[in-house]
2 protein chains.
Amino acid sequence: MNKKINNFEKQLKDNNLKLTGQRKIILNLFEENSDKHLNAVEIQKAALQQGNRIGTATVYRTLDLLEKLGFVSKINLDDSYIRYQFVDTKEEHEHHHLICERCGKVIDMQDDLLDSLEKQVHDKYGFNVTNHKVRIYGVCKECLSK
Amino acid sequence: MNKKINNFEKQLKDNNLKLTGQRKIILNLFEENSDKHLNAVEIQKAALQQGNRIGTATVYRTLDLLEKLGFVSKINLDDSYIRYQFVDTKEEHEHHHLICERCGKVIDMQDDLLDSLEKQVHDKYGFNVTNHKVRIYGVCKECLSK
DNA sequence: CTGGGTGCAAAAGGTTTGCAACACT
DNA sequence: AGTGTTGCAAACCTTTTGCACCCAG
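Residues numbered from 1 in each chain as written. Chains lettered and ligands numbered in written order. Predicted model: local features only at pLDDT ≥ 70, side-chain atom pairs only at ≥ 80, totals over all residues. Heavy atoms only, no water.

S.K.: So what exactly am I meant to see when it comes to the overall build of chain A here?
M.R.: Check the secondary structure of chain A and you find six helices and six strands. Helices and strands in chain A line up, N terminus first, as α-α-β-α-α-β-β-β-β-α-β-α. Of all 146 residues assigned to chain A, the portion counted as buried reaches 43%. Of the contacts made within chain A by residues no fewer than 6 positions apart, 51% connect residues no fewer than 24 positions apart. Here chain A displays about 8400 Å² of accessible surface, and carbon together with sulfur accounts for 47% of that area. For chain A, the centre of its 23 positive side-chain charges and the centre of its 22 negative side-chain charges are spaced 6 Å apart. (Helix = DSSP H or I, 4+ residues; strand = E, 2+ residues; numbered from the N terminus. Buried < 20%, exposed > 50% of the residue type's maximum accessible area, 1.4 Å probe, protein only. Contact = heavy atoms within 4.5 Å. Areas by Shrake-Rupley, 256 points an atom, 1.4 Å probe, with all protein chains shown as cover. Lys, Arg positive; Asp, Glu negative; His and termini not counted. Charge placed at Lys NZ, Arg CZ, Asp CG, Glu CD.)

What follows is the structure in structure tokens.
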């Protein structure tokens with residue numbers, strides 16, 4: 001229970017940083033919305049709905065911090081926002097996203113389907129792969145059945 | 001020679017649009033820089049270097065237009081710009097990008113390595129794939145050999 | 001107590017929009 | 001001639017920064 005907060009507290013201490021109320025709130029929001037892909041504005045609104053007013057600059061600075069500490073990762077859905085998503089520490093690479101072109105839903109895809117691709121890219125381009133970001137567009141199951 | 005401009009002219013006519021000097025200049029810039037991934041500011045500067053002053057709004061509106069007509073496609077390299085690249089009409093999907101984390105170079109990758117992936121995604125998520133965007137991060141051949 | 005953190009408001013950076021003048025067709 | 005297009009400047013939207021005040025350790 002709240003292992004993430006404890007881990008967070010430890011990492012902050014290790015870096016001479018402080019566990020503030022605002023940082024707790026934002027980390028908790030990510031925990032509660034681990035299926036979503038939040039941007040700064042959405043975080044601020046969500047906090048406000050819980051009765052917690054957090055300044056805009058603080059939200060942006062906290063997002064930077066959480067990313068640097070590896071608790072969230074940036075994702076880009078081409079909508080002019082920088083979005084963030086809770087990181088599952090078990091994942092080796094970032095996971096990927098299926099984006100439905102009808103309803104806009106974004107489905108997380110855990111599979112690491114690109115292992116074979118890395119070898120091909122290395123052989124053909126002499127390129128040493130460290131990570132990859134994949135967005136797959138199409139129509140989701142629900143929209144297909146309508 | 002200049003098949004692209006002729007095709008462009010035809011498509012514009014079909015849509016009751018006009019072939020203006022600015023549009024020609026911008027399309028030519030894409031042709032001359034088909035290996036690059038230009039943003040609006042870069043286009044404007046490149047035009048100016050050729051002695052062609054084009055207004056900012058015109059650049060943005062022309063990029064929208066070229067994208068809608070299918071001559072260029074948006075690509076996102078996570079650098080806060082909307083970038084565009086000349087579309088090779090022979091390609092079925094957009095092509096993908098290898099991004100070197102040392103020198104920043106972006107290499108185009110024509111291979112459609114993800115055909116098998118589409119089937120897997122369909123079987124597992126009931127998701128009907130229409131397109132995919134892949135960015136692969138790592139270290140390029142030149143940087144590796146240094 | 002003291003250095004890191006917060007909130008405000010201003011600035012920055014990229015893109016979009018309104019409008020009068022302009023130029024393809 | 002007439003409609004689409006341009007350029008300017010202002011507006012917009014998201015993110016960043018400076019600074020005085022605040023609070024966790």
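S.K.: How should the sheet that holds strand β1 (residues 38-39) of chain B be read in this particular structure?
M.R.: The strands that make up a sheet pair up through hydrogen bonds in the backbone, lying either parallel or antiparallel. Residue and element names in this part refer to chain B. On the basis of which strands lie adjacent, the open sheet formed by three strands has the order β1-β3-β2 and antiparallel pairing. Each having just a single partner strand, β1 and β2 (72-75) make up the two edges of the open sheet. On top of the sheet, helix α4 (residues 56-68) reaches β2 and β3 (83-86); it is set at about 110° to β2, its chief contact. (Pairing = 2+ DSSP bridges. Axes fitted to C-alpha atoms, helices over the stretch in contact; angles between N-to-C directions.)

S.K.: Can you walk me through the pattern of salt bridges in this structure?
M.R.: Proximity of charged atoms lets side chains of opposite charge pair with each other. Residue and element names in this part refer to chain A. All told, the structure shown has twelve salt bridges over all chains when counted by the stated rule. A salt bridge links R135 to D78; its shortest N-O distance comes to 3.1 Å. Remark: D78 occurs in the loop between β2 (72-75) and β3 (83-86) and R135 occurs in strand β6 (residues 128-139); sequence separation between them is 57 residues. The exposure class of D78 is partly exposed, given its relative accessible area of 37%. (Salt bridge = Lys/Arg side-chain N within 4 Å of Asp/Glu carboxyl O.)

S.K.: What am I meant to see in the pairing of strand β4 (residues 96-100) of chain B here?
M.R.: Two faces belong to every sheet, and in a regular strand the side chains alternate between them. Residue and element names in this part refer to chain B. Among the five residues that make up β4, five are buried, leaving the element largely enclosed by the rest of the structure. Side chains H96, L98 and C100 of β4 all project onto a buried face; the interleaved residues H97 and I99 project onto the opposite face, where all are buried too. Relative to strand β5 (residues 106-109), β4 runs antiparallel, the two being bridged by four bridges. Among the inter-strand pairings, H97 is bridged to a residue of β5, identified as D108. The turn joining β4 and β5, which pair antiparallel and follow one another in sequence, is formed by five residues; a positive phi near 80° is taken by G104. Where β4 meets strand β6 (residues 128-139), four bridges bridge the pair, whose relative direction is parallel. The residue of β6 that forms the bridge with H97 is R135.

S.K.: Help me understand the relation of the copies chain A and chain B, please; the structure alone is not making it clear to me.
M.R.: A rotation about an axis combined with a shift along that same axis relates the two copies of the chain. Of the two same-sequence chains, chain A is brought onto chain B (RMSD 0.1 Å, axial shift 0.0 Å) by a rotation of 179°. Taken together, these values place the two copies in the relation of a two-fold axis. Identified as the residue of chain A closest to the rotation axis by C-alpha distance is A:V134, at 2.2 Å. Taken together, the interface assignments show that 100% of the residues at the interface of chain A recur at the interface of chain B, consistent with an identical surface on both copies. (Least-squares fit on C-alpha atoms with pLDDT ≥ 70 in both.)

S.K.: It is not clear to me how helix α1 (residues 3-14) of chain A should be interpreted in this structure. Could you clarify?
M.R.: Three- or four-residue spacings in an α-helix give side chains the same orientation, since the helix completes a turn every 3.6 residues. Residues and elements named next belong to chain A. Helix length check: α1, at twelve residues, gives a terminal C-alpha distance of 17 Å against a target of 16 Å (1.5 Å per residue), a fit within 8%. When we look at burial in α1, the residues that qualify are K4, I5, F8 and L12. Looking straight down α1, one finds its buried side chains confined to an arc of 95°; they lie on one side. Across α1 from its buried face, at more than 90 degrees, point the exposed residues K3, K10, K13 and D14. Next to the buried residues of α1 lie α2 (21-32), α4 (56-68) and β3. (Expected span 1.5 Å × (residues − 1). Arc of directions from axis to C-beta.)

S.K.: What's the story with the packing of helix α1 (residues 3-14) of chain B against helix α2 (residues 21-32) of chain B in this structure? I'm lost.
M.R.: Packed helices, taken two at a time, are described by the angle their axes make and the gap between the axes. Residue and element names in this part refer to chain B. Their axes nearest at 11 Å, the elements α1 and α2 cross at an angle of 140°. Between α1 and α2, the crossing angle belongs to the class labelled oblique. Seen along the crossing, α1 lies across α2 with a hand that is right-handed. Only R23, K24, L27, N28 and E31 of α2 make contact with α1, whose side of the interface consists of K4, I5, F8 and L12. Classifying every residue of the contact of α1 with α2 by side-chain character gives four nonpolar, one polar and four charged. (Parallel < 35°, antiparallel > 145°, perpendicular 65-115°, else oblique. Left-handed = near helix turned anticlockwise from the far one by under 90°. Nonpolar A, V, L, I, M, F, W, Y, C, P; charged D, E, K, R; others polar.)

S.K.: Could you clarify how one ought to interpret the packing of aromatic side chains in this entry?
M.R.: Centre distance and the angle of the planes are the two values used to describe a pair of aromatic rings. All names here are of chain A. For the coordinates displayed, the defined rule picks out two aromatic pairs over all chains. Aromatic side chains F8 and F71 sit 5.3 Å apart centroid to centroid with 75° between the ring planes, which places their arrangement in the edge-to-face category. You can see F8 sitting in helix α1 and its partner F71 sitting in the loop between α4 and β2, a full 63 residues away along the chain. Overall, the relative accessible area of 0% leaves F8 in the buried class. For F71, a relative accessible area of 3% translates into the label buried. (Phe/Tyr/Trp six-rings, centres within 6.5 Å; stacked < 30°, edge-to-face > 60°.)

S.K.: When you look at the domain arrangement of chain A in this model, what are you seeing that I'm missing?
M.R.: The extent of an interface is frequently quoted as the accessible surface area lost upon association of the parts. Residue and element names in this part refer to chain A. Segmentation of chain A into domains returns domain 1 (3-86) and domain 2 (96-144). Look at where the C-alpha atoms of domain 1 and domain 2 centre, and you get two points 25 Å apart. Contact residues are listed per partner, giving nine residues for domain 1 and seven residues for domain 2. For domain 1, the biggest contributors to the area lost against domain 2 are H37, L77 and D78; these three give 59% of the whole. Across the contact surface, domain 1 and domain 2 share one salt bridge. (Domains from an automatic or database assignment. Buried area = accessible area lost by both parts, 1.4 Å probe.)

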